[in-house]
Amino acid sequence: GSLNYVVVLIIVCAAALAAVVLYNLISVNLGVLNLLPIPVLDGGTLLFLTIEMIFRKPVPENFRVRAAMFGMALLLSLTAILVIKDIVVWVKDAWF
């Protein structure tokens, strides 16, 4: 009877809480990663602003462009490596 509804309600509330915790964990993780001092991320912008404050002159534009290209290549390479690693682990688990 009504006890079943209470049990279902408790399970639904626990699942909703777990989803909110997971969402918050991912959000904080992305925020911290965004602050890494890689030029295409916000941390890279903060790094360049800090350098400009210390030396009292702007970082040359060609250096910023090259740094952004390097940062993007670094992020894309890291992404490719991790995707390949995940696929290898998945194939190992699924086929062997």
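Here's a quick rundown of the structure. Counting from 1, residues in each chain are numbered in the order their sequence is written. Local features in a predicted model are, by the rule used here, given only for residues with pLDDT of at least 70; side-chain atom pairs are given and counted only at 80 or more, and totals for whole chains, interfaces and linings are based on all residues. Based on all heavy atoms of the structure, the side-chain values leave hydrogens and waters out of the count.

Points about the overall build of the chain
Helices and strands together make up the secondary structure of the chain, namely three helices and zero strands. For the chain, the sequential pattern of α-helices and β-strands runs α-α-α. Relative to a compact globule of 96 residues, whose C-alpha radius of gyration would be 12 Å, the chain shows 23 Å and is clearly more extended. Dimensions of the chain, computed from C-alpha atoms along their principal axes, come out at roughly 75 × 40 × 15 Å. The rule is simple: take the accessible area with a 1.4 Å probe, protein chains only, and divide by the maximum for that residue type; under 20% is buried, over 50% is exposed, in between is partly exposed. Here the chain holds 96 residues, and the buried ones make up 9% of them. Only heavy atoms enter the contact rule, under which two residues are in contact if any of them lie within 4.5 Å. Within the chain, counting contacts between residues at least 6 apart in sequence, those at least 24 apart form 33% of the total. Counting only carbon and sulfur atoms, one obtains 77% of the accessible surface of the chain, whose full area is about 8200 Å². Positive residues here are Lys and Arg, negative ones are Asp and Glu, while His and the chain termini are left out of the count. Charge positions come from single atoms, namely NZ of Lys, CZ of Arg, CG of Asp or CD of Glu. Averaging the coordinates of the 6 positive side-chain charges in the chain and doing the same for the 5 negative ones gives two points 10 Å apart. Only runs of H or I of at least four residues qualify as helices and only runs of E of at least two qualify as strands under DSSP, and these elements are numbered from the N terminus. Using C-alpha atoms as the atom set, the radius of gyration is obtained and then compared with a globule rule of 2.2 Å times the number of residues to the power 0.38. All accessible areas in this document rest on Shrake-Rupley with a 1.4 Å probe, and a residue is counted as covered only by the protein chains that are shown.

So, the packing of aromatic side chains
Stacked, tilted and edge-to-face are the three classes applied to pairs of Phe, Tyr and Trp rings, where Trp contributes its six-membered ring and a pair requires centres within 6.5 Å; stacked means planes under 30 degrees apart, edge-to-face means over 60, and tilted covers the rest. In the structure shown here, the tally under the stated rule is one aromatic pair. With a centroid separation of 6.1 Å and an interplanar angle of 80°, the aromatic rings of F48 and F63 are classed as edge-to-face. One end of the pair, F48, is in helix 2 (residues 42-55); the other, F63, is in helix 3 (residues 61-95), with 15 residues separating them in the sequence. Assessed through its relative accessible area of 7%, F48 is described here as buried.

What about the environment of I87?
Within the element layout of this structure, I87 appears in helix 3. Here I87 falls in the partly exposed class, since its relative accessible area comes to 48%. Taking C-alpha positions, I87 is 45 Å from I54, a pair spaced 33 residues apart along the chain.

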